[in-house]
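Analysis of the macromolecular model
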Amino acid sequence: MKCALVTGSSRGIGKAVAIQLSKDLGLHILINYSSNTDAAKETLAEIESNGGTGELMQFNVQDAQAVQSIISKWQEENPDKYVEVLVNNAGITRDNLLPMISEEDWDAVLNISVKGMYNCTQAVLRKMLRNRSGRIINMASLSGLKGNPGQTNYAAAKGAMIAATKSLSQEIAKRKITVNAVAPGFITSDMTSDLDEEQLKHMVPAQRFGSAEEVAHLVSFLASDKAAYITGEVININGGIYA
Ligand code: NAP
């Protein structure tokens, strides 16, 4: 049974991606999250109400040992299942001007996005290589392409994800595994709930924030067979902001 592991799928973009991958591709969804079990259960309930299947898989993506041991144990207990699609979506912001960014906030932002991507990819890649099939989609950001004042830590994290996407895609293309990054602009979610949408939407040519579902449709396409010849790309989804 083909599965998709979607990190940070208890809420926001990850939740929409988990639901869409189940609907479009019939994948069994591994719903990863950090601490919000109730929200993760809501993601699962929505998948099941659409006729899909999934299960919760709690771990902190920063924690290499936890990621490795939980995924290995799951694999041992489920020999009939394998991760065909990995969406490295978990991410946080800790915005501030650089002189005010604490070491803790620098590390947290980098570690969740970049180390999390490394930890989760390493835990599933060997099997994809053996299967000669797989999809890896990394959730980057407009900030990682153009930079953004007050987001040096976040831009560094997302820029690193983009560079890693390009490198890894070239390493493993011959095994029929694609690696792409998606770079959203302003998307309505808990992450952007403190922003003044009424004011900021005027910076967007489309004059609105995007929805998590719109990002999910793009991820679902990249995860599908239709996208087999797209790899090493960074795809913007930002309502027309020039990146
Ligand atoms: P969100 O609504 O804040 O959701 C974040 C998700 O990540 C939650 O499911 C959370 O789990 C999980 N998470 C956080 N830290 C984690 C950790 N250490 N281990 C495992 N899971 C963790 O964020 P979002 O807006 O959906 O953003 C999703 C991704 O898109 C992020 O990578 C973000 O940088 C990127 N992005 C977002 C926007 C935007 O405008 N929203 C724009 C560009 C890029 P819990 O529920 O357990 O806390």
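Keep in mind that what you see is a predicted model, and the values were worked out from it rather than measured.

**A short note on the pattern of salt bridges**
- All chains considered together, the criterion is met by six salt bridges.
- Note that Lys-15 is salt-bridged to Glu-46, the shortest N-O span being 3.9 Å. With Lys-15 in helix α1 (residues 12-25) and Glu-46 in helix α2 (residues 37-49), the pair connects residues that are 31 residues apart, well separated along the chain.
- Between Arg-94 and Asp-105 there is a salt bridge, with its nearest N and O atoms 3.8 Å apart. Taken as a pair, Arg-94 in the loop between β4 (82-88) and α4 (103-131) and Asp-105 in helix α4 lie far apart in primary sequence, eleven residues in all.
- With a relative accessible area of 24%, Asp-105 lands in the partly exposed category.

**Thoughts on the site of the ligand**
- Among the 32 residues in the neighbourhood of the ligand, the closest are listed as Ser-10, Ser-35, Asn-89, Tyr-154 and Ser-189.
- A distance of 2.6 Å is found between an oxygen atom of the ligand and a side-chain nitrogen or oxygen belonging to Ser-10.
- Separating an oxygen atom of the ligand from a backbone N or O atom of Ile-187 is a distance of 2.9 Å.
- Considered on its own, the ligand offers 890 Å² of accessible surface; in the complex 94% of this is hidden by protein.

**Some words on the sheet that holds strand β1 (residues 2-6)**
- Strands sit in the order β3-β2-β1-β4-β5-β6-β7 across an open sheet of seven strands; the sheet is parallel. Each edge of the open sheet carries a strand with a single partner, namely β3 (54-58) and β7 (234-237). Ignoring strand direction, the axes of neighbouring strands in this sheet form an average angle of 25 degrees.
- One ladder, built from six bridges, connects strand β5 (residues 134-139) with strand β6 (residues 177-184); its direction is parallel. The partner of Ile-136 across the bridge, within β6, is Val-179.
- Contacts from α1 reach β1, β2 (28-33), β4 and β5, with the element oriented near 170 degrees to β1.
- The sheet strands contacting helix α3 (residues 64-77) are β1, β2, β3 and β4, and the helix crosses β3 at an angle near 150 degrees.

Conventions and cut-offs
Residues numbered from 1 in each chain as written. Predicted model: local features only at pLDDT ≥ 70, side-chain atom pairs only at ≥ 80, totals over all residues. Heavy atoms only, no water. Salt bridge = Lys/Arg side-chain N within 4 Å of Asp/Glu carboxyl O. Helix = DSSP H or I, 4+ residues; strand = E, 2+ residues; numbered from the N terminus. Buried < 20%, exposed > 50% of the residue type's maximum accessible area, 1.4 Å probe, protein only. Near = heavy atom within 4 Å. Polar contact = N/O pair within 3.5 Å; in protein donor to acceptor, adjacent residues only side chain to side chain. Areas by Shrake-Rupley, 256 points an atom, 1.4 Å probe, with all protein chains shown as cover. Pairing = 2+ DSSP bridges. Axes fitted to C-alpha atoms, helices over the stretch in contact; angles between N-to-C directions. Contact = heavy atoms within 4.5 Å.

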